[in-house]
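So the chains spell out like this:
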Amino acid sequence: MMANDHGTVLATMVFNLVAPAGVIAPVGVELRYDSRNPYEISMKLNVGTDGQVDWVIARDLLADGLIAEAGEGDVRIRPRLDDPTLVMIEMSSPSGQATFEVNADQLADFVNDTYDVVAPGDEHRWMNIDETLSQLLSHNL
């Protein structure tokens, strides 16, 4: 682990929520990457008066989804076939589902900025395995 060299990347952008019948609604989103959790990206979606919705996704999933369909679970990401300037992000949970269109270049810039903090393949060097195991065991996971 590189103890004192931790870094964070923050980006704010607009995701376009694709509602039924093709209605588009802009949603402010904050993306955050922290080398203390080198495999994940957190997303805070501003949902107006209801506050925010937080999601955590794998950095590799976001990177892979920029170039090809990626994801098998609650989050799926893929380039939009008829418009390569956009990426589609589909999220589902027991509370519902949402599909967003996102500017591909902005998303790629964010991912590239995270690589400046922790290079792909070096994530394990930034983790404290003992601390992570202790957290997991304390939550009976």
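Quick look at the structure, then.

How each quantity is defined
Residues numbered from 1 in each chain as written. Predicted model: local features only at pLDDT ≥ 70, side-chain atom pairs only at ≥ 80, totals over all residues. Heavy atoms only, no water. Helix = DSSP H or I, 4+ residues; strand = E, 2+ residues; numbered from the N terminus. Contact = heavy atoms within 4.5 Å. Patch = residues over 30% accessible without salt bridge, like charges linked within 9 Å, V, L, I, M, F, W, Y side chains within 5 Å. Areas by Shrake-Rupley, 256 points an atom, 1.4 Å probe, with all protein chains shown as cover. Salt bridge = Lys/Arg side-chain N within 4 Å of Asp/Glu carboxyl O. Lys, Arg positive; Asp, Glu negative; His and termini not counted. Charge placed at Lys NZ, Arg CZ, Asp CG, Glu CD. Buried < 20%, exposed > 50% of the residue type's maximum accessible area, 1.4 Å probe, protein only. Expected span 1.5 Å × (residues − 1). Arc of directions from axis to C-beta. Pairing = 2+ DSSP bridges. Axes fitted to C-alpha atoms, helices over the stretch in contact; angles between N-to-C directions.

### Quick word on the overall build of the protein
- What the protein contains, in helices and strands, is 3 helices and 7 strands.
- Ordered by position from N to C terminus, the α and β elements of the protein give β-β-β-β-α-β-β-β-α-α.
- In the protein, the share of contacts with a sequence separation of at least 24, taken over all contacts with a separation of at least 6, comes to 36%.

### Looking at a negative patch on the surface
- There is a patch of like negative charges on the surface, built from D105, D109, D113 and D116.
- Position of D109 relative to the elements: it lies in helix α2 (residues 104-117).
- When its relative accessible area of 48% is taken as the criterion, D109 is described as partly exposed.

### Considering α2
- If you check α2, its first and last C-alpha atoms are 20 Å apart, about what 14 residues at 1.5 Å a residue would give, namely 20 Å.
- Every buried residue of α2 is listed here: A104, L107, F110, V111 and T114. Taken around the axis of α2, the buried residues stretch over an arc of 130°, which confines them to a single face. Within α2, the exposed residues directed more than 90 degrees away from the buried face are D105 and D116.
- Looking at the packing, one finds that the buried side of α2 touches β1 (8-18), β2 (24-34), β3 (40-46), α1 (59-65), β6 (86-93) and β7 (96-103).

### With respect to the sheet that holds β3
- Spatially, 7 strands are ordered β4-β3-β2-β1-β7-β6-β5 in an open sheet, and the strand pairing comes out antiparallel. The two strands at the open ends of the sheet, each matched to only one other strand, are β4 (52-58) and β5 (75-79). Each neighbouring strand pair of the sheet contributes to a mean axis angle of 30°, computed without reference to strand direction.
- Relative to β4, β3 runs antiparallel, the two sharing 7 bridges. Among the inter-strand pairings, S42 is bridged to a residue of β4, identified as V56.
- Helix-sheet contacts for α2 involve β1, β2, β3, β6 and β7, and the interaxial angle to β1 is about 160°.

### Side note on the environment of F110
- As for its placement among the helices and strands, F110 is situated in helix α2.
- On a C-alpha basis, the gap between F110 and V9 in space is 7.8 Å, while along the polypeptide they are 101 residues apart.
- Those residues in contact with F110, other than ones at most four positions away along the chain, are V9, A11, L31, R32, Y33, I41 and L62.

### Quick word on the pattern of salt bridges
- This structure, assessed with the given rule, holds 5 salt bridges.
- For the salt bridge of D34 with R36, the shortest nitrogen-to-oxygen distance reads 3.5 Å.
- Each of R32, D34 and R36 takes part in a single network of salt bridges with overlapping partners.

### Side note on the pairing of β3
- Pairing of β2 with β3 involves 5 bridges; the strand directions are antiparallel. Residue pairing for β3: L31 is matched across the bridge by M43.
- Remark: 5 residues form the turn of the hairpin made by β2 and β3, two consecutive strands paired antiparallel.

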